[in-house]
Every structure is written in C-alpha cells, then in structure tokens.
Amino acid sequence: MGIEAWYIDSSDEDQRKPHKLNPNQPVSLEELEKIGVLYWKLNADVYETDPELQQIRRDRGYSYMDIITIHKDTLPNYEDKLKMFFEEHLHLDDEIRYILDGQAYFDIRDKKERWIRIAMSKGDLITLPAGIYHRFTLDETNYTKAMRLFVGEPVWKAYNRPADDFDIRKKYISSLQGS
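This text gives an overview of the structure that appears in the document. Source: prediction; values computed, not measured.

Here we look at helix α4 (residues 167–176)
One turn of the α-helix equals 3.6 residues, which is why residues spaced by three or four share an orientation. Here α4 has its buried residues at Ile-168, Arg-169, Tyr-172 and Leu-176. The buried residues of α4 occupy one face: seen down the axis, they fall within an arc of 100 degrees. Residues of α4 that are exposed and point over 90 degrees away from its buried face: Asp-167 and Lys-171. Residues of α4 that are buried sit in contact with α1 (29–34) and β4 (89–90).

Structure (structure tokens):
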C-alpha cells in the first residue's frame, strides 16, 4: 500500500488523532510531488542491508544517518520534544525520514496554506523539501522508530513560522510557481 494523505480539520483536539475532514478529502502522491514531497515504500525489516535504500542514499547524497525512537520511555523530555516537533517550522535543508517501526504524521502546507496530513508507517521513506512549512507528531500509538537522513553533517536547526524572509523559503515558493 502506498502513502495516505488528506486535508485536516482545524480542531484543537489531540494532535495525535487523524483530524480527517468529513467527508474526507484525500491527497494523492502526485499532488504531494507537485509541492516537492518525495516518497518511497521500502522493506524496513532489512534496512541495514537494503540495496534499494542504499541506492536512494547514493543517488540523493544522503551520507549521514541516525535512528531515533520516539516514545515516552526512550526519548528524554518526551512531552516537550513532541510539542517542539509540532510547532510549525521549516528547515534550510531537506527533511528525510524513514519509518522503521510504529507510526507518525507529518503535516505540511499546500500552495494555498491548507494543512495536509501524511500518515507514515513502517517502510515509508519521505523527503520534505527545504523551505516547506511543516510539523510532526505521533499518532495515537505514541510510538515510532525512524531513521533520520542528511546530506552531509546533520543540521538540527528549525525556524518557526514566520520564516518567510529566508532565501530557502523564497526558493521553495518560487519552485511552486510552475506546478
């Protein structure tokens, strides 16, 4: 099964809930690609030796990798980290995440500033382009294990919205003009 994404409601209810509109308004992979999101479905059971993952890393220059487990028993300052991850922000570099176990959500803004929720589960590898506003949260299972990939050394800096004056944001907005 491929990726599942949808437009979300504006409810302040628990961020870990799906927040689907009624009726649901799904978003296709093709629509996500138009705003710069890349997606692969891989076999997470063999991530350490997976030739497909190795090829993607070579092709895209993802030279750095680490693994994070997000769960209250494994992540120091768990609640504070979840709040921080859920703040709307952007990065100066692509954000690349590969779900090795568990589930989570990425929320991204479309061209009209509407939130799209992307459901991530085991085997999903996603790249969010530099300059896109987004946020991250777990789902109601409260657990995910993810590989974080970077081109070169990792840069952990997030810039909370508003960050429209950054060159990378302007470049991202410009890239949307033709799509």
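That was the structure; now back to the text.
Overview of helix α2 (residues 51–60)
The N-capping residue of α2, defined by a side-chain oxygen 3.0 Å from the backbone nitrogen of Glu-52, is Asp-50. Just downstream of α2 lies Gly-61, where phi reads positive at about 75 degrees.

Quick notes on the nonpolar core
Leu-32, Val-37, Ile-70, Ile-108, Ile-116, Ile-118 and Ile-126 are the most contacted members of the largest nonpolar core, which totals 29 residues. Going through the elements one at a time, β1 (4–7), β3 (64–70), α3 (78–85), β5 (95–109), β6 (115–121), β7 (124–128), β8 (134–138) and α4 are the ones with two or more residues in this core. Examining the composition of this core, we find that 4 residues originate from one element, β5, more than from any other. In this structure, Ile-116 is in contact with Ala-5, Trp-6, Tyr-7, Val-27, Leu-32, Ile-35, Phe-106, Asp-107, Ile-108 and Asp-110, ignoring residues within four places of it in sequence. Judged by nonpolar contacts, the second largest core, of 12 residues, contains Leu-42, Tyr-47, Leu-53 and Ile-56.

A word on the packing of aromatic side chains
Applying the stated rule across the entire model yields 6 aromatic pairs. Considering the side-chain rings of Tyr-159 and Phe-166, the 4.5 Å spacing of their centres and the 50 degrees angle between planes classify their relative orientation as tilted. For Tyr-159, a relative accessible area of 22% puts it in the partly exposed group. The ring of Trp-115 carries the charged tip of Arg-135 above its face, separated from the ring centre by 4.0 Å. If you follow Lys-157 out to its NZ or CZ, it ends over the ring of Tyr-159, 5.1 Å from the centre.

Rules behind the numbers
Within every chain, residues take consecutive numbers counted from 1 along the sequence as written. Owing to the predicted nature of the model, reporting of local features is limited to residues with pLDDT of at least 70; listing and counting of side-chain atom pairs is limited to 80 or more, with chain, interface and lining totals taken over all residues. Side-chain figures throughout are based on the complete set of non-hydrogen atoms in the structure, without hydrogens or water. Think of it in three bands: residues with accessible area under 20% of the maximum for their type are buried, residues over 50% are exposed, and the middle band is partly exposed, with areas taken using a 1.4 Å probe on protein chains only. Under the DSSP-based scheme used, a helix requires at least four consecutive residues in state H or I and a strand at least two consecutive residues in state E, with every element numbered from the N terminus. Regarding the arc, it is the one traced by the directions from the helix axis to the C-beta atoms. Residue contacts are counted whenever heavy atoms from the two residues lie within 4.5 Å of one another. The definition of a polar contact used here is a pair of N or O atoms within 3.5 Å, where within protein one atom must be able to donate a hydrogen and the other to accept one, and adjacent residues in sequence count solely through side-chain atom pairs. Residues grouped as a nonpolar core are buried Ala, Val, Leu, Ile, Met, Phe, Trp, Tyr and Cys residues, joined through side-chain atoms within 4.5 Å. Each Phe, Tyr or Trp ring (for Trp, its six-membered ring) is paired with any other whose centre lies within 6.5 Å, and the angle between the two planes then decides the class: stacked below 30 degrees, edge-to-face above 60, tilted in between. Geometrically, a lysine NZ or arginine CZ counts as sitting over a ring once it is within 6 Å of the ring centre and also within 35 degrees of the ring normal.

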